Protein chains: 2
Amino acid sequence: MRRFAMSRKVTISDLARKLNISPSTVSRALAGKPGVSAELRQKVQNLAKEMDYVPNVAAKSLKTKKTKTIGLIISDIRNPFFLDVMRGVESVLFPRGYKFIVCSVNENLEREAVYLNWLMEHGVEGILASPLTTVSGKHNGNLYRKVARFGIPVVFYDRLINGIGDFDSVVLDNETAIADGVFYLRRKGHKKIGICLARRGLYTIEERYKGFKKAVELLQIETRPEWIIEGKHPMYSSFEKLKKLFSSEERPTAIISTNHPMTRSILRAAKSCGLRIPEDISVLGFDDLIENELMSPPITTIRQPVMEIGRIAVTLLLGRIDGEKESPSSIKLKAELIERESVKTLVE
Amino acid sequence: MRRFAMSRKVTISDLARKLNISPSTVSRALAGKPGVSAELRQKVQNLAKEMDYVPNVAAKSLKTKKTKTIGLIISDIRNPFFLDVMRGVESVLFPRGYKFIVCSVNENLEREAVYLNWLMEHGVEGILASPLTTVSGKHNGNLYRKVARFGIPVVFYDRLINGIGDFDSVVLDNETAIADGVFYLRRKGHKKIGICLARRGLYTIEERYKGFKKAVELLQIETRPEWIIEGKHPMYSSFEKLKKLFSSEERPTAIISTNHPMTRSILRAAKSCGLRIPEDISVLGFDDLIENELMSPPITTIRQPVMEIGRIAVTLLLGRIDGEKESPSSIKLKAELIERESVKTLVE
């Protein structure tokens, strides 16, 4: 049980005692400051190595405020979207010596508040957040502002809070992404189109719904209230609604998803109703996992530049940590429609 | 630019000055310690709230050593396996007020060492690690021991380092998982079986290979060197090898995967060679994403209890953090074979 037989940590005083010099001389030697001979410095460094001395950054961080840690608030750890966000974030942080703490809010305002308070108290240098807005319009905007006043910069990614413009943000152009999807379906001959809204209230989903409504109105495409599927948790509550829709004679010819879990739900429901894709119903996915390509048929989908969202957001955040004081940036990135085989061309 | 207009943080001295009492009285009042009247305590607490006073836990942690943070070392952030590990870990940590820092090592020993040193210096209370072993047998075992001597408990999950038994560990029974897969294929009539080893050297992959070799020997199943595919990065280097194998007349009737990225690679290669699954080749996957069920055909696969691995590992770690001093536990969990439609029944 070597691990638990360990004695207390080696301190600067231990090193000083061993060498019979003052603790401040040891400090100076380890920090490479002047006033210590090269020979003595070497001696101190050798002993520090030998005795497994590890500098206490928590103590240092009290003076320098550099914990080299940021908080990453993600909305739902079940969504593979966030794996790519983390990859993007990490690719920028690692070379800079920064690390991130993952805070999975699970679409719950109280959890988000718990995490924000915890991050403030534990001295992260900045926060990247995909903030929650509920269907009744509640959010933690004031708490985010408190965090910023406290001196911790915040950058929003993926989602915004409407009416709170005092933070940098990097999001998708969600409206255009879905509108382009509707245009695409119309070009393929579809005139009856439904949409699955993963969760009402969320910034991303509401923006995607706006894009849908504008495009169907513009193109005079038929849609009906029962073709607008809303799910609180896409894998469960929407599944039954989708099965009901798919079993009906009055179903649309094409259906649009608004995130990857929702695409899964659509595919499962179609399968369980015995509908063939695209022969019986066309599916336009949202988000792009490698699996989309391996499905039968491969899924036509709207792809977000997820890693870029993470990379750009964290780059903005590091700039703020370094003291950048320009007005907030609002960055919107473009989606891309990846054409595969889940949308049928209808004869007009 | 409200965020940058903020003044410095509110301190205990600021509160003391405002109330014209001593800083130590403010401290006692905020900590709920005796020697302060209920009335004064209320006054101090109200002012603290009003002035957005946030206690400095970094300072507190110097005395109590409680940063309430653990490090989570993951081997490859591209593998969705780790999303479920994180879900499991978080489900245990959140109610206890703990958070985790994600360290993605990308199968690189130097990165692993950088992360371990960083975690030591920044005062995490414990580390959950899936440690790397290279094909030549190198690993950071000594550094892990140094971390433990330094007083930071370590628990291994998913992977071990051979010969280093002084840590708690939670892994899959990898040998049996693959051997059971071979038995299953044999029962379905397969006598020519190949395997795709995601990356040689890794503990998990070597154990899975051992299980394969034992089972094919026991059952006198034919296998050939060219049916053992090795990939450094499964999506790239193994893809060409798989295409070559699948284009050959001399291919096995079934192939076993050893992780999810490798399953993807097998499916892509089969598709690109025009092989139908399971008519032309049977596929036994490893790991289970929802997508496996949605593929055509749905993929028969070996499922690891991933969330449980995360949950049990972090529970052991919290026990060590709380001072548990029993001998290390070596926990092995069982896999489950999920039968779907990617394995053909051969007529004998």
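If you're wondering where the values come from, they're calculated on a predicted model, not measured in any experiment. (Residues numbered from 1 in each chain as written. Chains lettered and ligands numbered in written order. Predicted model: local features only at pLDDT ≥ 70, side-chain atom pairs only at ≥ 80, totals over all residues. Heavy atoms only, no water.)

> Explain the side chain of S75 of chain B here, please?
Mapped onto the fold, S75 of chain B is located in the loop between β1 (69-74) and α6 (81-93). Not counting residues within four places of it along the chain, the set of residues in contact with S75 of chain B comprises F82, V105, N106, E107, S130 and R159 of chain B. (Helix = DSSP H or I, 4+ residues; strand = E, 2+ residues; numbered from the N terminus. Contact = heavy atoms within 4.5 Å.)

> Would you take a moment to explain the state of the cysteines for this structure?
Linking two cysteines covalently via their sulfur atoms produces the bond known as a disulfide. All names here are of chain A. Throughout the structure, instances matching the rule amount to zero disulfides over all chains. With no disulfide of its own, C273 has C196 as its nearest cysteine by sulfur position, at a separation of 12 Å. C273 sits in the partly exposed class, given a relative accessible area of 26%. (Disulfide = S-S within 2.5 Å. Buried < 20%, exposed > 50% of the residue type's maximum accessible area, 1.4 Å probe, protein only.)

> Could you clarify how one ought to interpret the interface of chain A and chain B in this entry?
Interfaces are frequently sized by the accessible area removed from exposure as the parts join. Counting from both sides, the interface comprises 73 residues of chain A and, opposite them, 72 residues of chain B. For the pair chain A and chain B, the two sides together bury roughly 6900 Å², of which 65% comes from carbon and sulfur. Scanning the region where chain A abuts chain B turns up eight salt bridges. Of the charged contacts in the structure, one is a salt bridge between R111 of chain B and E90 of chain A, with a shortest N-O distance of 2.7 Å. Put simply, the parts of the chain that give the side of chain A that touches chain B at least two residues each are α4 (57-64), α5 (81-93), β2 (99-104), α6 (109-121), α7 (141-149), α11 (260-272) and α12 (290-294) of chain A. Sort the elements by how many residues they give to the side of chain A that touches chain B and α6 of chain A lands first, with six residues. Taken together, the residues of the side of chain A that touches chain B sort by class into 34 nonpolar, 14 polar and 25 charged. In this structure, β2 of chain A lies alongside strand β2 (residues 99-104) of chain B, joined through three bridges in antiparallel fashion. Paired with I101 of chain A across the strands is I101 of chain B, a residue of β2 of chain B. (Buried area = accessible area lost by both parts, 1.4 Å probe. Salt bridge = Lys/Arg side-chain N within 4 Å of Asp/Glu carboxyl O. Nonpolar A, V, L, I, M, F, W, Y, C, P; charged D, E, K, R; others polar. Pairing = 2+ DSSP bridges.)

> So what exactly am I meant to see when it comes to the pairing of strand β5 (residues 168-172) of chain A here?
All names here are of chain A. Burial within β5 is extensive, with five of its five residues counted as buried. Residues of β5 alternate between two faces, with D168, V170 and L172 on one and S169 and V171 on the opposite face, all of them buried. Of the pairings in the sheet, the one linking strand β4 (residues 154-157) to β5 comprises three bridges and is parallel in character. Note on β5: the bridge partner recorded for V155 is D168.

> Please clarify how the pattern of salt bridges should be interpreted in this entry.
Note on pairing: side chains with opposite charge can pair once their charged atoms come close. Enumeration according to the criterion identifies 54 salt bridges over all chains in this entry. The partner of R17 of chain A in a salt bridge is D14 of chain A, with the nearest N and O atoms 3.4 Å apart. Pair noted here: R17 of chain A and D14 of chain A are both in helix α1 (residues 12-19), with a separation of three residues, about one helical turn. Salt-bridge contacts for E107 of chain B lead to R159 of chain B; the nearest nitrogen and oxygen are separated by 2.8 Å. Within this pair, whereas E107 of chain B is found in the loop between β2 and α7 (109-121), its partner R159 of chain B is found in the loop between β4 (154-157) and β5 (168-172), the two being separated by 52 residues in sequence. Under the relative-accessibility criterion, E107 of chain B is labelled buried at 14%. Three or more residues joined by partner-sharing salt bridges are found here, namely D288, R303, E336 and R340 of chain A.

> Is there a simple way to explain the confidence of the model for chain A in this structure?
Interpretation of this model should avoid reading the predicted coordinates in detail wherever pLDDT is low. All names here are of chain A. Scored by pLDDT, chain A comes out at a mean of 90, with 93% of its residues at no less than 70. The low-confidence segment residues 1-7, where pLDDT is below 50, has 21 contacts with residues more than four positions distant or belonging to other chains. We note a pTM of 0.81 for the whole complex and an ipTM of 0.76 for its interfaces. (pLDDT = per-residue confidence, 0-100.)

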